[in-house]
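Chain residues, written in single-letter form:
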Amino acid sequence: MITELGHFALILAFIVAIVQTVVPMWGAWRKDTRLMAVAEPAANVQFLLTGFAFAALMWAFIVSDFSLQLVVMNSHSAKPMLYKISGTWGNHEGSMLLWVLIVTLFGAMAAWFGGNLPPTLKARVLAVQASIAVAFFAFILFTSNPFIRVAVPPFDGQDLNPLLQDPGLAFHPPFLYLGYVGLSMAFSFAVAALIEGRVDAAWGRWVRPWTLAAWVFLTIGIALGSWWAYYELGWGGFWFWDPVENASFMPWLLAAALLHSAIVVEKRESLKSWTILLAILAFGFSLIGTFIVRSGLLTSVHAFANDPERGVFILMILAFFTGGALILFSLRAGAMEAKGVFGMVSRESALLANNVLLAVSCFVVFVGTMWPLVAEMFFDRKLSVGPPFFNAAFTPFMLLLGLILPVGSMMPWKRAKLLQGMWKLRYGFILALAIGGLIWAMQSGRSLLGPLGILLGAWIVIGACMDIWSRTGKRGSFTRLFRLPRADWGKMLAHTGLGITFIGVAGLTTYQQEDIRVAQIGVPFDVGSYSLRLDDVQRLEGPNYLSTMGFVTLLQNGDEIAQLRPEKRVYPVAQMPTTEAAIDYDLARDVYVVIGDAQVNGGWAIRTYIKPLTNWIWIGCGLMALGGLFSLSDRRFRVAAGARKASANPVPAE
Amino acid sequence: MKRRAFVLALLASPAVALDPSEMLQDSDLEARARALDHGIRCVKCQSESVASSNATWAEDARRQIRELISEGQSDQDVKDWFVTRYGEFVLMDPPKTGSSLALWLAGPAMLAVGALGALSYLRGRSKPEAVAALSPTEQARLDEILKK
């Protein structure tokens with residue numbers, strides 16, 4: 001019964017979305033306030049109905065209603081409750097329902113917080129947002145309906161993919177979708193502004209919080225996924241350049257670019273058409289990501305139940321929204337004349353350089369991801385593009401970005417002096433150079449990328465600290481430091497986070513130690529400066545799996561520092577094995593232990609990794625997200641938008 | 001207990017990709033083999049190198065790499081051995097020849113285009129905005145005022 005109500009609510013939401021697309025748009029064109037007023041209640045009703053449909057599906061998972069096909073295929077009565085709930089979106093149909101739920105949530109939020117938008121813009125934004133929802137409602141109802149019953153319900157289900165039964169992965173998709181779909185708001189604002197034919201500083205201020213929110217969620221979602229891959233896949237990689245990972249990384253890069261260009265629109269009313277284009281492309285790449293994941297066009301480890309029919313449907317959605325918006329852009333972009341005048345060297349030009357580098361690096365990822373397809377179609381060459389290409393082709397842009405970031409972020413608006421800006425940072429650069437030099441001196445015969453990455457990371461962190469200190473006046477003062485606008489703190493935290501991630505990536509990729517061996521029970525062995533001892537191996541039983549657990553003692557200089565429990569699990573229902581690495585987390589290094597097979601001549605295969613600075617990667621991502629949240633809570637977004645406060649962000653005196 | 005052991009035996013053995021029994025005694029050769037592991041794709045898997053894959057094919061590939069290296073073949077020989085049998089697809093790193101060169105050049109080329117575009121935009125922005133010339137009537141009015 002609840003299931004049928006959920007299905008019905010979904011169909012109703014589809015109809016409401018169609019109404020919300022057509023009526024307010026028509027009303028905005030006719031300047032009819034009554035028609036435009038439909039948008040707000042429609043957005044709320046749409047959200048409530050979709051929320052009800054989602055809750056109904058979740059209920060079916062919670063009570064293990066095996067009369068529902070989706071529950072049979074993705075759940076099991078013995079599964080822990082957390083994974084019964086997360087199983088709702090651990091499959092294609094349910095995750096699409098979550099996706100559209102978030103589209104409607106953002107639409108409703110635009111209605112709640114959009115009180116100060118001009119009425120026609122608001123109506124158009126909500127109409128465009130609803131049109132995205134229409135497309136995805138149709139996709140769900142016609143190709144991926146989660147509410148399909150089975151005639152003869154089985155006694156139990158087929159269980160969720162064991163890899164997905166993990167707390168990290170339970171929350172990875174919702175955050176990722178909040179990010180992907182959050183970009184739909186920037187898209188809706190861009191298209192609405194193109195229809196209106198007007199982009200001004202106020203528009204930049206409205207668009208920025210949505211982009212910030214989307215970027216924060218994407219950062220968290222990607223970091224969760226990366227962390228999950230690190231501890232779950234059994235050899236401690238954090239990024240694989242898999243097509244689906246790239247699909248989430250491309251919107252992230254463009255959202256980061258959009259964040260920065262929207263500042264220029266907001267403060268200086270320049271870069272308008274570029275910002276609009278970025279907003280369209282950022283969401284376009286979200287759709288491309290969806291297409292890559294769901295169509296199975298590119299081989300990826302993230303295999304969903306792929307289906308060509310679904311792929312074609314999403315390709316049509318992609319073509320309609322991105323293509324339509326780009327056509328609109330080509331017709332209307334000419335009307336967006338820029339106002340501000342600024343020199344070749346200025347904050348504006350630095351932000352432009354940031355945008356060029358981020359957009360080009362996104363392009364490199366895109367070309368690398370699509371190249372196997374292009375090569376096969378046009379050159380009849382079947383080839384792979386793997387991590388070696390991406391590491392070589394992508395990294396230089398990031399290094400360049402890291403190099404210019406501290407200088408650019410301290411430049412004054414309008415006109416700056418490059419040498420003067422660099423002179424201000426001289427001590428910071430010397431310090432970073434010293435740190436990099438020290439690292440270089442300590443290592444022997446390894447890649448130069450390690451010290452270089454750490455040097456740049458340190459340079460970014462020091463630069464961010466010097467930047468915020470310089471905001472407190474010539475002498476600097478701690479009391480003023482804490483009275484700075486939150487946006488300044490956001491900038492400082494996010495940039496620091498990026499620097500810390502740089503350091504983590506450099507440390508992990510350059511200084512990792514690997515050891516694979518047969519360990520005999522009770523016989524210690526050395527890895528790096530550590531010593532490990534396999535005390536015992538036991539077969540244990542979990543709620544829905546069987547485990548082979550190793551009891552490992554980690555020692556340093558004869559002292560015990562940790563007990564590690566690496567596991568091999570087998571999920572009998574899904575017939576799948578997983579590895580659970582045991583990790584001793586530490587700020588300086590992780591010790592990562594994986595247990596393998598029992599050996600014929602006795603003993604167990606044990607893999608040990610010493611992974612320096614790994615946690616810095618995720619701490620950095622956390623700081624970036626925190627920085628985004630700080631910026632998001634800045635006063636200027638809370639007070640009436642449009643009312644410019646001259647003192648909100650003073651230009652530093654030269 | 002017996003039944004559980006049976007279940008365990010039935011399922012493919014999970015976890016560790018490279019097994020100690022596969023490894024070479026000589027640590028220099030083994031280091032070279034591991035580097036090669038990361039460059040050879042597991043053709044039975046979805047975008048995974050043989051270094052991380054648990055598939056039987058990947059295990060065979062790893063043994064093959066070690067066998068070839070032990071025979072004294074160079075890294076390039078090993079790669080060629082795989083390419084002749086499985087095509088370019090088996091290399092994680094696309095070759096820098098022919099049409100694949102376009103892939104390697106795409107990034108730098110795009111950077112050049114982006115930088116040129118940005119520079120021309122900056123040039124346009126750094127000049128003061130051109131003020132539209134006065135119309136004849138406005139000019140006449142201005143002359144009139146100035147004459148006074």
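Calculation rules
Residues numbered from 1 in each chain as written. Chains lettered and ligands numbered in written order. Predicted model: local features only at pLDDT ≥ 70, side-chain atom pairs only at ≥ 80, totals over all residues. Heavy atoms only, no water. Helix = DSSP H or I, 4+ residues; strand = E, 2+ residues; numbered from the N terminus. Buried < 20%, exposed > 50% of the residue type's maximum accessible area, 1.4 Å probe, protein only. Contact = heavy atoms within 4.5 Å. Areas by Shrake-Rupley, 256 points an atom, 1.4 Å probe, with all protein chains shown as cover. Lys, Arg positive; Asp, Glu negative; His and termini not counted. Charge placed at Lys NZ, Arg CZ, Asp CG, Glu CD. Buried area = accessible area lost by both parts, 1.4 Å probe. Salt bridge = Lys/Arg side-chain N within 4 Å of Asp/Glu carboxyl O. Polar contact = N/O pair within 3.5 Å; in protein donor to acceptor, adjacent residues only side chain to side chain. Nonpolar A, V, L, I, M, F, W, Y, C, P; charged D, E, K, R; others polar. Patch = residues over 30% accessible without salt bridge, like charges linked within 9 Å, V, L, I, M, F, W, Y side chains within 5 Å. Expected span 1.5 Å × (residues − 1). Bend = angle between axes of the 7 residues up to and from the residue. Axes fitted to C-alpha atoms, helices over the stretch in contact; angles between N-to-C directions. Parallel < 35°, antiparallel > 145°, perpendicular 65-115°, else oblique. Left-handed = near helix turned anticlockwise from the far one by under 90°. Phe/Tyr/Trp six-rings, centres within 6.5 Å; stacked < 30°, edge-to-face > 60°. Pairing = 2+ DSSP bridges. Core = buried A, V, L, I, M, F, W, Y, C linked by side-chain atoms within 4.5 Å.

Participant: How do you make sense of the overall build of chain A when you look at a structure like this?
Facilitator: Within chain A one finds 21 helices and ten strands. Looking at the 654 residues of chain A, the share that counts as buried comes to 62%. Put simply, of all contacts in chain A between residues at least 6 apart along the chain, 74% involve residues at least 24 apart. If you sum the accessible surface of chain A, you get close to 25,800 Å²; carbon and sulfur atoms cover 67% of it. For chain A, the separation between the mean place of its 48 positive charges and that of its 39 negative charges on side chains is 16 Å.

Participant: When you look at the interface of chain A and chain B in this model, what are you seeing that I'm missing?
Facilitator: One widely used convention gives an interface's size as the accessible area the parts lose upon coming together. Counting residues at the interface gives 58 residues for chain A and 55 residues for chain B. Both sides together, the interface formed by chain A and chain B hides about 4,700 Å², and carbon and sulfur atoms give 69% of it. Three residues, A:Met344, A:Arg381 and A:Ser384, lead the burial of chain A against chain B; their summed loss comes to 13% of the area buried on that side. For A:Glu514, the salt bridge goes to B:Arg34, with nearest N and O atoms at 2.7 Å. At the surface where chain A touches chain B, the tally comes to nine residue pairs in polar contact (both at pLDDT 80 or more). Secondary-structure elements contributing two or more residues to the side of chain A that touches chain B are helix 13 (347-378), helix 14 (387-410), strand 1 (513-519), strand 3 (530-541), strand 6 (567-571), strand 7 (576-580), strand 9 (589-598) and strand 10 (604-612) of chain A. Broken down by element, the residue count for the side of chain A that touches chain B peaks at ten residues, all from helix 13 of chain A. Residue composition of the side of chain A that touches chain B, grouped by class: 32 nonpolar, 14 polar and twelve charged.

Participant: Can you walk me through a nonpolar patch on the surface in this structure?
Facilitator: Nonpolar side chains collect at one region of the surface, where A:Phe8, A:Ile11, A:Leu12, A:Ile15 and A:Val19 lie side by side and expose about 400 Å² of accessible area between them. Inspection of the secondary structure assignment puts A:Leu12 in helix 1 (residues 2-30).

Participant: So what exactly am I meant to see when it comes to unusual backbone geometry here?
Facilitator: Working note: non-glycine residues mostly have negative phi, and peptide bonds are mostly trans. You will see that A:Ser64, though not glycine, has its phi angle at about 50°, which is positive. Relative to the assigned elements, A:Ser64 resides in the loop between helix 3 (39-62) and helix 4 (69-74).

Participant: Would you mind going over helix 6 (residues 92-113) of chain A with me for this structure?
Facilitator: Residue and element names in this part refer to chain A. Helix length check: helix 6 (22 residues) gives 31 Å between terminal C-alpha atoms against 32 Å at 1.5 Å per residue, within 8%. With respect to burial, helix 6 is a largely interior element, 18 of its 22 residues being buried. Of the residues that open helix 6, the one with a side-chain oxygen 3.4 Å from the backbone nitrogen of glutamate 93 is asparagine 91.

Participant: Looking at this structure, how should I read helix 14 of chain A?
Facilitator: Because each turn of an α-helix spans 3.6 residues, side chains separated by three or four positions in sequence point in the same direction. Between the first and last C-alpha of helix 14 of chain A there are 34 Å, a value that for 24 residues agrees with the 34 Å anticipated at 1.5 Å per step. Along its length, helix 14 of chain A shows its largest kink, about 40°, at A:Ile404, and proline A:Pro406 lies within four residues downstream of that point.

Participant: I tried to follow the packing of helix 19 (residues 486-511) of chain A against helix 20 (residues 614-632) of chain A on my own but got confused; where do I start?
Facilitator: Packed helices, taken two at a time, are described by the angle between their axes plus the distance between the axes. All names here are of chain A. Two numbers describe how helix 19 lies on helix 20: the axes approach to 7 Å, and their chain directions differ by 165°. On the basis of the axis angle, helix 19 is roughly antiparallel to helix 20. Remark: the crossing between helix 19 and helix 20 carries left-handed chirality.

Participant: Looking at this structure, how should I read the packing of aromatic side chains?
Facilitator: The geometry of two aromatic rings is summed up by the distance between their centres and the angle between their planes. Inspection of the entire model under this criterion finds 39 aromatic pairs over all chains. Taking 5.7 Å as the distance between ring centres and 80° as the angle between the ring planes, the aromatic pair formed by A:Tyr592 and A:Tyr609 counts as edge-to-face. Here the residue A:Tyr592 occupies a position in strand 9, and A:Tyr609 occupies one in strand 10, the gap between them amounting to 17 residues. This pair shows no difference in class: A:Tyr592 is buried, exactly as A:Tyr609 is. An aromatic cluster is defined as three or more aromatic residues linked by ring pairs; in this entry it consists of A:Trp215, A:Trp239, A:Trp241, A:Phe249, A:Trp252, A:Phe389, A:Phe390, A:Phe394 and B:Trp104.

Participant: Sorry if this is basic, but what is going on with the sheet that holds strand 10 of chain A here?
Facilitator: Sheet strands line up and pair through hydrogen bonds in the backbone, either parallel or antiparallel. Residue and element names in this part refer to chain A. Taken together, four strands build an open sheet; the order of strands is 1-10-9-8 and the sheet is antiparallel. Two strands bound the open sheet, and with one partner strand each, they are strand 1 and strand 8 (582-584). Direction aside, the axes of adjacent strands within the sheet are offset by 20° on average. Across three bridges, strand 8 lies against strand 9 in antiparallel orientation.

Participant: For this particular structure, what's the right way to read the environment of B:Leu105?
Facilitator: All names here are of chain B. Turning to its location among the elements, leucine 105 is positioned in helix 5 (residues 100-126). Residue class for leucine 105 comes out exposed when judged on its relative accessible area of 51%. Taking C-alpha positions, leucine 105 is 60 Å from arginine 141, a pair spaced 36 residues apart along the chain.

Participant: Is there a simple way to explain the nonpolar core in this structure?
Facilitator: General note: in soluble globular proteins, nonpolar side chains tend to be found buried as a group. Residues and elements named next belong to chain A. Counting 182 residues, the largest nonpolar core has Trp99, Phe187, Phe189, Trp203, Leu253 and Ile276 as the members making the most contacts within it. Excluding its chain neighbours within four sequence positions, the residues that come into contact with tryptophan 203 are Phe189, Ala190, Ala193, Val265, Thr275 and Ile276. Counting residues in hydrophobic clusters, the runner-up holds 18 residues, among them Phe525, Leu534, Val552 and Leu564.

Participant: For this particular structure, what's the right way to read the pairing of strand 10 of chain A?
Facilitator: Consecutive residues of a regular strand have side chains that alternate between opposite faces of the sheet. Residues and elements named next belong to chain A. By the criterion of burial, strand 10 is predominantly enclosed, with nine of the nine residues buried. The alternating pattern of strand 10 places Trp604, Ile606, Thr608, Ile610 and Pro612 and Ala605, Arg607, Tyr609 and Lys611 on opposite faces, both of which are buried. The pairing of strand 1 with strand 10 spans seven bridges and is classified as antiparallel. Residue pairing for strand 10: isoleucine 516 is matched across the bridge by arginine 607. Here strand 9 runs beside strand 10; their pairing, made up of eight bridges, is antiparallel. Residue aspartate 590 lies in a different strand from strand 10, and its bridge partner there is lysine 611. Turn length for the strand 9-strand 10 hairpin, with the two strands adjacent in sequence and antiparallel, is five residues, and the turn residue glycine 602 shows positive phi of about 90°.

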